[in-house]
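Residue strings, one per chain:
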Amino acid sequence: MKYDKTGPTVRGCTVSSCLGDARLVFEEFPERNLTIWTTMISGYAQNFCSNEALMLFDQMVAEGFEPNSVTLASVLSACARSGCLELGERIHLFMMEKGIEVGVILGTALMHMYAKNRAILAVQALFVSMCEKNVATWNAIIFGLANHGHAEEALSLFRKLEKEQVVPNDITFVGVLSACCHYGLIDVGREIFCPMKRVYSIEPKIEHFGCMVDLLGEVGSC
């Protein structure tokens, strides 16, 4: 069986930021599949080439390649890493035009992308509209709110998460403790940090200790 090296070659070039080389390989490949298109578009997005990513996404659709949920989630993830809001919005519009269901995976990917681009209203609207949510969905909105000046709302959502018996993970606690840091909520931070291991069997990591050091450092600076 002949092994196709095109995908790994394109991926390797995009990861190492050799986009010109990646595009040459991409253009020379006679039978491009959805994976190759996804790799090239994601490569542009994660290397801050939003115009190229947008044009290639539109070209892919025009040539009859219908992106699936894996493709969309992959490109949205690249948009989140690079702050490529325009392409993320284009994908969201495409999903609405095609009637693609915003399930847990795509909904969370969209929320993460919007949160990274400071579009908090879009994050909140998606969260409310999603019928099914998992802990990653809750993490996306808690982090988005905490990192963009909405600490009280982030803490309120954490309390709601607990009431709905969604089990938080270590990432959830980083988001909530970050919210406490932004507002200097030392007592609340302690209240959240202490039960991590006792109640949820989550061993605090360096990120959690870092948040607590920041919080307690505010006490020392007062």
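Right, let's walk through the structure included here. Please read all numbers here as calculations on a predicted model, not as lab measurements. (Residues numbered from 1 in each chain as written. Predicted model: local features only at pLDDT ≥ 70, side-chain atom pairs only at ≥ 80, totals over all residues. Heavy atoms only, no water.)

Brief notes about unusual backbone geometry
Here comes step 1: A positive phi angle is found at Gln-165, which is not glycine, with a value near 60 degrees.
Here comes step 2: Relative to the helices and strands, Gln-165 is located in the loop between helix 10 (151–163) and helix 11 (170–183).
Here comes step 3: The phi angle at Ser-201 is positive, at roughly 55 degrees, despite the residue not being glycine.
Here comes step 4: Structurally, Ser-201 is set in the loop between helix 13 (195–200) and helix 14 (206–221).
Here comes step 5: Overall, the relative accessible area of 63% leaves Ser-201 in the exposed class. (Helix = DSSP H or I, 4+ residues; strand = E, 2+ residues; numbered from the N terminus. Buried < 20%, exposed > 50% of the residue type's maximum accessible area, 1.4 Å probe, protein only.)

Let's talk about helix 5 (residues 69–82)
Here comes step 1: When the terminal C-alpha atoms of helix 5 are compared, their 20 Å separation across 14 residues agrees well with the 20 Å that a helix rising 1.5 Å per residue should span.
Here comes step 2: When helix 5 is considered as a whole, its buried residues turn out to be Thr-71, Leu-72, Ala-73, Val-75, Leu-76, Ala-78, Cys-79, Ala-80 and Ser-82.
Here comes step 3: Here helix 5 starts with a cap whose side-chain oxygen sits 3.1 Å from the backbone nitrogen of Val-70, and that cap is Asn-68.
Here comes step 4: Immediately beyond the C-terminal end of helix 5, within one or two residues, lies Gly-83, with a positive phi of roughly 75 degrees. (Expected span 1.5 Å × (residues − 1). Polar contact = N/O pair within 3.5 Å; in protein donor to acceptor, adjacent residues only side chain to side chain.)

Describing the pattern of salt bridges
Here comes step 1: Inspection of the entire model under this criterion finds nine salt bridges.
Here comes step 2: Measuring nitrogen to oxygen at the nearest pair gives 3.9 Å for the salt bridge that ties Arg-32 to Glu-27.
Here comes step 3: Since its relative accessible area comes to 17%, Arg-32 is described here as buried.
Here comes step 4: Taking the shortest distance from any N to any O, the salt bridge between Arg-90 and Asp-58 comes out at 2.9 Å. Within this pair, whereas Arg-90 is found in helix 6 (residues 85–98), its partner Asp-58 is found in helix 4 (residues 50–62), the two being separated by 32 residues in sequence.
Here comes step 5: Since its relative accessible area comes to 32%, Asp-58 is described here as partly exposed.
Here comes step 6: Look at the salt bridges and you will find they share partners, linking Arg-23, Glu-27 and Arg-32 into a network. (Salt bridge = Lys/Arg side-chain N within 4 Å of Asp/Glu carboxyl O.)

Side note on the packing of helix 2 (residues 19–28) against helix 3 (residues 34–46)
Here comes step 1: Look at helix 2 against helix 3: their axes get within 11 Å of each other, and the N-to-C directions meet at 160 degrees. Judged by the inter-axis angle, helix 2 sits roughly antiparallel to helix 3. Viewed along their axes, helix 2 and helix 3 form a crossing whose handedness is left-handed. Judged by residue contacts, Leu-19, Ala-22, Arg-23 and Phe-26 of helix 2 engage Ile-36, Trp-37, Met-40, Gly-43 and Tyr-44 from helix 3. (Axes fitted to C-alpha atoms, helices over the stretch in contact; angles between N-to-C directions. Parallel < 35°, antiparallel > 145°, perpendicular 65-115°, else oblique. Left-handed = near helix turned anticlockwise from the far one by under 90°. Contact = heavy atoms within 4.5 Å.)

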